[in-house]
There are 4 protein chains.
Amino acid sequence: MASSIGSNIKLTIFGQSHSAAIGMTLEGLPAGIRIDFDKLEAFTSRRAPGKNAYSTARKEADKPEFVSGLRDGTTCGAPLTAIIRNTDTRSNDYSELKVLPRPGHADYTASVKYGGFQDYAGGGHFSGRLTAPLCIAGGIVLQVLESLGITVISRIASIGDVSDDGELLESTANKPFPTVSDEKAQKMQECIASAKSEGDSVGGIVECKVLGLPIGLGDPMFDGMENRIANIVFGIPAVKGIEFGIGFEASKLRGSQNNDPFEVVDGKVVTTTNNCGGILGGITTGMPLVFRAAFKPTPSISQKQHSVRLDSLTEGELVVKGRHDPCIVPRAVPCVEAAAAIAVYDAYLEYKKYI
Amino acid sequence: MASSIGSNIKLTIFGQSHSAAIGMTLEGLPAGIRIDFDKLEAFTSRRAPGKNAYSTARKEADKPEFVSGLRDGTTCGAPLTAIIRNTDTRSNDYSELKVLPRPGHADYTASVKYGGFQDYAGGGHFSGRLTAPLCIAGGIVLQVLESLGITVISRIASIGDVSDDGELLESTANKPFPTVSDEKAQKMQECIASAKSEGDSVGGIVECKVLGLPIGLGDPMFDGMENRIANIVFGIPAVKGIEFGIGFEASKLRGSQNNDPFEVVDGKVVTTTNNCGGILGGITTGMPLVFRAAFKPTPSISQKQHSVRLDSLTEGELVVKGRHDPCIVPRAVPCVEAAAAIAVYDAYLEYKKYI
Amino acid sequence: MASSIGSNIKLTIFGQSHSAAIGMTLEGLPAGIRIDFDKLEAFTSRRAPGKNAYSTARKEADKPEFVSGLRDGTTCGAPLTAIIRNTDTRSNDYSELKVLPRPGHADYTASVKYGGFQDYAGGGHFSGRLTAPLCIAGGIVLQVLESLGITVISRIASIGDVSDDGELLESTANKPFPTVSDEKAQKMQECIASAKSEGDSVGGIVECKVLGLPIGLGDPMFDGMENRIANIVFGIPAVKGIEFGIGFEASKLRGSQNNDPFEVVDGKVVTTTNNCGGILGGITTGMPLVFRAAFKPTPSISQKQHSVRLDSLTEGELVVKGRHDPCIVPRAVPCVEAAAAIAVYDAYLEYKKYI
Amino acid sequence: MASSIGSNIKLTIFGQSHSAAIGMTLEGLPAGIRIDFDKLEAFTSRRAPGKNAYSTARKEADKPEFVSGLRDGTTCGAPLTAIIRNTDTRSNDYSELKVLPRPGHADYTASVKYGGFQDYAGGGHFSGRLTAPLCIAGGIVLQVLESLGITVISRIASIGDVSDDGELLESTANKPFPTVSDEKAQKMQECIASAKSEGDSVGGIVECKVLGLPIGLGDPMFDGMENRIANIVFGIPAVKGIEFGIGFEASKLRGSQNNDPFEVVDGKVVTTTNNCGGILGGITTGMPLVFRAAFKPTPSISQKQHSVRLDSLTEGELVVKGRHDPCIVPRAVPCVEAAAAIAVYDAYLEYKKYI
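Residues numbered from 1 in each chain as written. Chains lettered and ligands numbered in written order. Predicted model: local features only at pLDDT ≥ 70, side-chain atom pairs only at ≥ 80, totals over all residues. Heavy atoms only, no water.

Trainee: Describe the relation of the copies chain D and chain A, listing the residues and the values that go with them.
Mentor: You can overlay chain D on chain A at an RMSD of 0.0 Å; the transform is a turn of 180° with a shift of 0.0 Å along its axis. What we have between these two chains is a two-fold relation. Here 100% of the contact residues of chain D are again contact residues in chain A; the copies associate through an equivalent surface. (Least-squares fit on C-alpha atoms with pLDDT ≥ 70 in both. Contact = heavy atoms within 4.5 Å.)

Structure representation (structure tokens):
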């Protein structure tokens, strides 16, 4: 536990990289929502593998089957469950992992935690593949949010030591490789390509913005927007850090520099700056909610790595076989949006109780 | 909601900066724990105000009264509740806040969320003062963890642009101003003093380590150690970012640099490096669990700030009266330890079900 | 765990019969509710001890102190916490209980569960005294429900083998000894008196109705109104059974007898009968929600009882000293209403998310 | 919400009577449990329809497909998900239900709650069919409990006005029609047959016992064994009442009659009688845990019933087509056992944290 999250809308994710299927159950969606399946597929396809030079060669239809929760394509108030069959699996690629854990992966910790009974094939329940159901849930919730005038956009803020310039706008978010600067996009892809050519991988940062939020979403203490979003975003494998607004940068500043002054624009209270990322006291200010998630480089690399044979406790060497992304970040962008959408909608339903 | 957290051990925090009392209820502690009250007071006093040049002049006995959950100073299995009376309150200092929100505080968002019924005095339930009950809960849980061989240590990693050097050790954590480098401690305190002299404030970073953890704590997806810790740490006012292991730094690296190779030392599996901060797949590796929390500068500053009169929607200027810390970071150190302790113990109880 | 309940409104109850105080924290109340304290006291006084011939002689001011969650007597959105000091305690009455458990009480099970560390005085956290905070919470929630047009009424349906006649109406609920038939009330009180005179006690049944409910409250499966109400009502000590509508009686009937036909009255859909107790599929029909809770006789009796000395595992005899009710039912009436109110309001907030 | 339950082991049930599939996800099972699938099928087949004279003619393979959570038939620590395809569906049987709700069913309340978007076919998510996944979950948990020496047995205590005699023993529970008295079994089946012959249905009571429980399971207040079991048992459609030990009967007794004296047998503390049903203060005494659940008669009957046309708000008459059980009780027996098993195991995991 827990592969489920949310108090007002509840998401449960199940499946292993090489089990018969992976999937998700979403409880708490309003009845009467007609799902736009083309739009959903357009969203989920952004994380689908095998689409380009910088992602794994593993190809999956990743076509969800909705087994419950719908009537004529519309939510009926019952739990919404979708499954994705694991078609293209090569378990034999992974047989060695049971005794020779991959550095940077959960192989070792899962082996100890589950007494050797973990499903080690492809990382089992810890595989990045489990972000597919997350994106199905998120893609649906995004449609609900849109009907409320709330949109979620993201960009690749950095890959390795290459950072994007300028400010994230919706126009940016729609790009296949979402960066403001196309030149930096070029450099980032070169960075990924060079890592790949050396059998290596590279990390990066995704920046996400939620626009159109009402003022007053989020709750004190442990249900603030930061807590809610962090709680889900850290559910995405490889995320090792998160910051809101200017985040870590704020720790270097003076209060007089960091505080966002209030002003009135068009009869509405806004802040002149948005260093707080649209969140004060855990509650939305009505300004864009901004956060960044740091992804470590894909631990799966083709280079020879040092490990330990768990059966004999002797040193061992390992080369990760199978297919993997030299950089997970581009495919992680929709996952971050999905996580943000679910956190925001859960907070919205909490908010809705009192208005 | 929610001022409560935890699934195995449940913490509920109540109170406002100027209500009759603040306090906490802790459910799920084992029966039979004899609380060392001197030790607890030593811990909570680390966050108590009014102790030195760089903290608010507000003085509070901050002496908790345990009204339930104990028999002869020992936990009896019933919910443990402690209250702290708010003695030294000056509500009149804050009367203006209802209409003229302080930049960087929750005054405005709370006002909208609660329709003007929020308790604005001293920030009400959003006040940093609410970390006092957090520290009572954490201080008790720390004693339980110690009996399990688990210890939590911290240091001030940076204040403004002054960063500490070297590595955090237990010896460091015991210092009144916990930094490895005394020279840097000096510089940090100068940084705080200079901010204060200008009626300003400054932010910083707290680094925390959990030592002696068993392998296998933490759960997949949304209950990983990162999720669990972030979920509580963001409950501390002014935290705007968190990272685990080398965190954001990892996003710049190659997999070959970031992966922590496994090796055998004294017949035990360890990692040569600890870039992952002792967490793989959300599960503890047995190496030290390491994270850093970024604190924004105290939003309360004596300088004149720009704001808006909520009653007339006209621009207004404001000088924050009352007493406030030029830098919250030194007093935040035990709060971070308390948050970590609660998250870790909650994960430990989850782990305990299966061993 | 758990002395807390509710997913939308969260109630946490703390304290022991003889701890410094007992109390409750209520999270999730809307901000802006002006509490009518006289009305609240009128409600809670219905369960207060020492008021008449058939209740314990223990006298308690039972005056709650609201330490947080209010500003000028109005809810402010922060957790609402009230404590009641335990003034009139006589721990010495109970010293023997640690080794000689009272039949019918939790003394023995708590002793095993908590390894002898339980607070045995007066039953500790298991004491009926803990229904006082339940009634504070319930009394406040009842005021909120009233503003929504929802009222909760109850009667004493039976004491021992004396059952009330007729149908529960609001007029009945307002009586000091709430029964439809005053003659039966007389008989019930005689039944209690005769039990008391023999140093014995007697049980009974409380019937509760919730009026003015919207259609659609309650959720499928495990959050149906039956589940929600049962979950809280069994939190009242001595409750050993609950039934909804005609309950157990329905098990004897044919479907053609038990089904409630639908009809249209004044353009509204209603059921001709209400055997289902206003609940179909766990969801309110708009008809009165009806349930009955069965209370066992107070286990504390003055007669000599057979028990076991836990220290020597030898047979022992015991006479329960201290003060106790010959029949808990009359004082339990408001407790049942409080439980119903909290369950209903929690369901209402869930319902509110989607309208 | 909520079609999920449990805090230590989490069960989520999804599906509608006529959706592509129904199923369940079980989180929190220990890794390393080898599931005995034959045993599981033997258990689930006890609720399978179409097996005899007194159950619906609807035939379902009801063969679960385990899509995740297993590796080589053994739990791997990941969420366990099983789906059952809905093969033999006849939606057209139900087309009328959208506007003409069946008395005693959730058709009307669901229609209002979900604004007409509910899946009305066969009762949708409210169908008794959803007890199939409950039995899969329960059947697996029963195997885990058995490994702990805990067994769950049940009998049909009554059908209509025919009550069983004698005491429930394991030998009874193994009968195809589980009653102590074979003569009463005969009478009960005649009662069902006569109801069926008249196009009617009949209700009944299931008695359940949990044997081999350790002392100390269950928690104070809202997590007592009564609360935990009631909370799940009311998730079974048609349950309208529950009682523990002698339940409602206790309300008629004196304390001196109802209290269970303690005595020492073979050096162990036991109670001479077990009126409390093995639960004191919500905590198990080590004696058999006993409860009874009252089932209303199947609301689906072939007789003409009075209802209302929701589209025109005019009176209407209805004859329930489709296939239905004249008495749900025999098939409900394993459902009650499943519910009890899940509640008990959830309490066991809570208990396990502290031993």
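Trainee: Got a sec to walk through the packing of helix H6 (residues 225-233) of chain A against helix H8 (residues 329-352) of chain A? Specific residues and values, please.
Mentor: Residues and elements named next belong to chain A. The interhelical angle for the contact between H6 and H8, taken along N-to-C directions, is 140°, at an axis separation of 8 Å. By the angle between their directions, the pair H6 and H8 is classed as oblique. Crossing hand, H6 versus H8: right-handed. Taking contact as the criterion, the partners of Met 225, Arg 228, Ile 229, Ile 232 and Val 233 in H6 are, on H8, Ala 339, Ile 342, Ala 343, Val 344, Asp 346, Ala 347 and Glu 350. Residues of the contact of H6 with H8, tallied by class, amount to nine nonpolar, no polar and three charged. (Axes fitted to C-alpha atoms, helices over the stretch in contact; angles between N-to-C directions. Helix = DSSP H or I, 4+ residues; strand = E, 2+ residues; numbered from the N terminus. Parallel < 35°, antiparallel > 145°, perpendicular 65-115°, else oblique. Left-handed = near helix turned anticlockwise from the far one by under 90°. Nonpolar A, V, L, I, M, F, W, Y, C, P; charged D, E, K, R; others polar.)

Trainee: Give a description of the sheet that holds strand E3 (residues 21-27) of chain B that names residues and reports values.
Mentor: With respect to topology, five strands assemble into an open sheet ordered E1-E2-E3-E7-E4 (chain B), the strand pairing being antiparallel. Two strands close off the open sheet at either side, each with one partner strand: strand E1 (4-5) and strand E4 (65-68) of chain B. (Pairing = 2+ DSSP bridges.)

Trainee: An account of the interface of chain A and chain B is needed here, citing residue identities and associated values.
Mentor: Taken residue by residue, the interface counts 97 residues in chain A and 98 residues in chain B. Interface area for chain A against chain B, summed over the two sides, is near 7900 Å², with a carbon-plus-sulfur share of 62%. If you sort the residues of chain A by the area they bury against chain B, Phe222(A), Lys240(A) and Phe262(A) come out on top, with a joint share of 11%. The interface formed by chain A and chain B includes eight salt bridges. Taking the shortest distance from any N to any O, the salt bridge between Lys240(B) and Glu226(A) comes out at 3.0 Å. (Buried area = accessible area lost by both parts, 1.4 Å probe. Salt bridge = Lys/Arg side-chain N within 4 Å of Asp/Glu carboxyl O.)

Trainee: Could you give an account of the interface of chain D and chain A, naming the residues involved and the relevant values?
Mentor: On the side of chain A, 44 residues touch chain D, which itself brings 44 residues to the contact. Buried area between chain D and chain A, summed over both chains or domains, comes out near 3100 Å², and the portion from carbon and sulfur atoms is 57%. Our count for the chain D to chain A interface comes out at four salt bridges. A salt bridge links Asp119(D) to Arg71(A), with the nearest nitrogen and oxygen atoms 2.8 Å apart. Summed over the shared surface of chain D and chain A, the number is 22 residue pairs in polar contact (both at pLDDT 80 or more). (Polar contact = N/O pair within 3.5 Å; in protein donor to acceptor, adjacent residues only side chain to side chain.)

Trainee: Please give an account of the pairing of strand E18 (residues 314-319) of chain C that cites residues and values.
Mentor: Taken residue by residue, a regular strand's side chains alternate between the two faces of the sheet. Residue and element names in this part refer to chain C. Sheet topology note: the strand E17 (residues 304-309)/E18 ladder contains six bridges and is antiparallel. Looking across to E18, one finds that Gln 305 is bridged to Leu 318. Taking the residues that link successive antiparallel strands as the turn, the E17-E18 hairpin has four residues, and the phi of Leu 313 there is positive, at about 50°.

Trainee: Give a detailed account of the environment of Pro261(A), specifying residues and quantitative values.
Mentor: With respect to the helices, strands and loops of the structure, Pro261(A) is situated in the loop between helix H7 (255-258) and strand E12 (262-265). A sequence separation of 11 residues divides Pro261(A) from Thr272(A), and the C-alpha atoms of the two residues are 5.6 Å apart. Ignoring any residue separated from it by four or fewer positions in sequence, one finds Pro261(A) in contact with Val270(A), Thr271(A), Thr272(A), Thr273(A), Pro103(B) and His306(B).

Trainee: Residue-level account of the pattern of salt bridges, with values.
Mentor: Scanning all chains against the criterion turns up 108 salt bridges over all chains. As a salt-bridge pair, Glu167(A) and Lys209(A) come within 2.9 Å of each other at their nearest N and O atoms. With Glu167(A) in the loop between strand E9 (162-163) and helix H4 (170-173) and Lys209(A) in strand E10 (residues 204-211), the pair connects residues that are 42 residues apart, well separated along the chain. Judged by its relative accessible area of 53%, Glu167(A) falls in the exposed class. By relative accessible area, Lys209(A) is classed as buried at 7%. Where salt bridges share partners, they join Lys113(A), Asp219(B), Asp223(B), Arg228(B) and Asp346(B) into one cluster. (Buried < 20%, exposed > 50% of the residue type's maximum accessible area, 1.4 Å probe, protein only.)

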